[in-house]
Amino acid sequence: MEPNRVRPTGKTLTLYFVTGNRNKYEEAREVMERELPPGTLEFHPIEVEKLEIQSERLDKIALFAARHAYSIVRHPLLVEDSGLFVKALRGFPGPYSSYVFEKLGPSGILRLMENSSDRSAYFETAIAVIIPPYEKVFKGRVEGIITRQIRGNKGFGFDPIFEPSGTGKTFAEMSISEKNLYSHRSQAFKKLAQWLKTLIQGSTRHMSSK
Ligand code: ITT
């Protein structure tokens with residue numbers, strides 16, 4: 001079957017977010033709804049095997065996984081890979097964040113950092129999106145610190161131990177919309193939304209000049 005392409009029809013674009021993490025999807029959806037005109041995008045989560053290569057680079061991991069997912073779904077989609085990079089731990093857990101979260105959790109990171117006075121860390125996200133004939137990667141990063149204690153019960157993952165610079169709150173003490181003012185994910189999805197706008201506008205311009 002011919003893969004789906006963005007055709008200059010002016011119709012709504014349907015884009016799948018390949019993820020098993022509902023929280024990630026909810027955060028992304030809030031950004032996309034805010035950034036894109038109503039009716040331009042249908043955005044849905046989809047669970048497909050996420051084939052992950054071993055790499056230090058989130059963009060490479062996301063792009064490989066997106067290409068693999070596309071070979072199965074054959075419909076415009078994106079994969080997002082994120083990680084927490086702690087300076088005192090030389091960037092650990094980074095691309096291994098998912099595994100480390102499962103094995104150690106936020107309290108395990110706090111234990112590893114008991115004697116570290118340098119608390120600086122950042123979250124990074126890479127989104128790989130495939131909308132034939134395009135393949136694009138968008139990144140986002142937020143700097144902050146690892147707290148001394150677990151704080152807050154919202155969000156997911158390492159949110160209760162990460163405080164974005166200058167906020168005095170952990171991500172787990174913020175609503176989705178507040179987290180989206182700062183987060184790595186929201187920055188990357190905003191870039192994606194800007195690009196989608198030009199893509200959609202280009203399609204409709206093409207149609208009206210026909
Ligand atoms: P998918 O791969 O199915 O999308 P995942 O949860 O495995 O979901 P990632 O591999 O991208 O997602 O993320 C790795 C881990 O990093 C994730 O399990 C969380 O523990 C952590 N993480 C990522 N983004 C986070 C965020 O915004 N806040 C807190 N922790 C986050």
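Structure's up top.
My aim in this report is to walk through the structure given alongside it, one point at a time. Chains are numbered independently. Their residues run from 1 in the order of the written sequence. Totals for whole chains, interfaces and linings use every residue, but because this is a predicted model, local features are given only for residues with pLDDT of at least 70 and side-chain atom pairs only at 80 or more, for both listing and counting. To get the side-chain values, all heavy atoms of the structure are used, and hydrogens and water are removed first.

## Comments concerning the nonpolar core
Item 1. One finds M32, F43, L78, F189, L192 and L196 to be the most contacted residues of the largest nonpolar core, which totals 22 residues.
Item 2. Taken together, the elements giving at least two residues each to this core come down to β1 (13-18), α1 (22-35), β2 (41-46), β4 (120-131) and α6 (184-208).
Item 3. By definition, any uninterrupted DSSP run of H or I lasting at least four residues is a helix, any uninterrupted run of E lasting at least two residues is a strand, and each is numbered from the N terminus. The element contributing the most residues to this core is α6, with 7 residues.
Item 4. In contact with L196, not counting residues within four places along its chain, are L13, L15, M32, L36, L41 and I131. Note on terminology: a nonpolar core comprises buried Ala, Val, Leu, Ile, Met, Phe, Trp, Tyr and Cys residues joined through side-chain atoms within 4.5 Å. Accessible area is worked out with a 1.4 Å probe on protein chains only. A residue is then buried under 20% of its type maximum, exposed over 50%, and partly exposed in between. For this analysis, residues touch if any pair of their heavy atoms sits within 4.5 Å.

## Description of the side chain of E27
Item 1. Following the sequence through the fold, E27 ends up in helix α1.
Item 2. Residue class for E27 comes out buried when judged on its relative accessible area of 3%.
Item 3. Here a polar contact is recorded for every N or O atom pair within 3.5 Å, except that within protein the pair must consist of a potential hydrogen donor and a potential acceptor, and residues adjacent in sequence are included only if both atoms are side-chain atoms. Only 2.7 Å separates the side chain of E27 from the side chain of R185, close enough to count as a polar contact.

## Side note on the pairing of strand β5 (residues 134-146)
Item 1. Bridge count for β4 against β5 is 12 bridges, and the pairing is antiparallel. Residue pairing for β5: A128 is matched across the bridge by V137. Criterion used throughout: strands pair if DSSP finds at least two bridges between them.

## Points about a nonpolar patch on the surface
Item 1. A grouping of F92, Y96, Y99, L104 and L112 is seen on the molecular surface, where their side chains present a nonpolar patch of about 470 Å² in accessible area.
Item 2. Turning to its location among the elements, F92 is positioned in the loop between β3 (77-86) and α3 (97-103). Patch membership requires over 30% relative accessible area and the absence of a salt bridge. Like charges are linked within 9 Å, and nonpolar side chains (Val, Leu, Ile, Met, Phe, Trp, Tyr) within 5 Å. Computed with a 1.4 Å probe, the accessible areas rest on the Shrake-Rupley method; for each residue, only the protein chains presented here act as cover. Any carboxyl oxygen of Asp or Glu that lies within 4 Å of a side-chain nitrogen of Lys or Arg is treated as forming a salt bridge with it.

## Some thoughts on the site of the ligand
Item 1. What makes a residue near a molecule or strand is one non-hydrogen atom of that residue sitting within 4 Å of it. The full set close to the ligand counts 19 residues, and T19, K24, K50, D159 and K179 are the nearest of them.
Item 2. In this structure, F158 approaches the ligand through a main-chain N or O atom, which is 3.0 Å from a nitrogen atom.
Item 3. Here D159 contributes a side-chain N or O atom positioned 2.6 Å from a nitrogen atom of the ligand.
Item 4. When the ligand is considered free in solution it has 600 Å² of accessible area, and contact with the protein chains removes 91% of it.
Item 5. Any residue with an atom within 4 Å of a point lines the site, the site being either a cavity, points on a 1 Å grid over the protein atoms alone where a 1.4 Å probe fits but cannot get out, or a pocket, an open set with protein on both sides within 12 Å along at least 5 of 7 lines. A cavity or pocket is said to hold a molecule if more than half of that molecule's atoms lie within 2 Å of its grid points. According to the grid-proximity analysis, the pocket containing the ligand is the largest pocket.
Item 6. If you list the elements that add at least two residues to the shell around the ligand, you get β3, α3 and α6.
Item 7. Broken down by class, the residue content of the shell around the ligand amounts to 4 nonpolar, 8 polar and 7 charged. Residues were grouped as follows: Ala, Val, Leu, Ile, Met, Phe, Trp, Tyr, Cys and Pro as nonpolar; Asp, Glu, Lys and Arg as charged; and all remaining residues, including Gly, as polar.

## Remarks on the layout of surface pockets
Item 1. If you add up the space inside the largest pocket, you get close to 780 Å³.
Item 2. Along its surface, the largest pocket is lined by 34 residues, and K24, K50, S82, S97 and S98 are the ones closest to its centre.
Item 3. At the level of secondary structure, the elements contributing two or more residues to the lining of the largest pocket comprise β3, α3 and α6.
Item 4. Here the lining of the largest pocket is built from residues that sort into 13 nonpolar, 11 polar and 10 charged. Grid points are joined across faces, edges and corners, and a volume is the space filled by probe spheres set on the points.

## Notes on the pairing of β4
Item 1. In terms of residue burial, β4 counts as a mostly covered element, since 10 of its 12 residues are buried.
Item 2. Where β3 meets β4, 10 bridges bridge the pair, whose relative direction is antiparallel. The residue bridging S82 from the neighbouring strand is T125, located in β4.
Item 3. In this antiparallel pair of consecutive strands, β4 and β5, the connection spans 2 residues.

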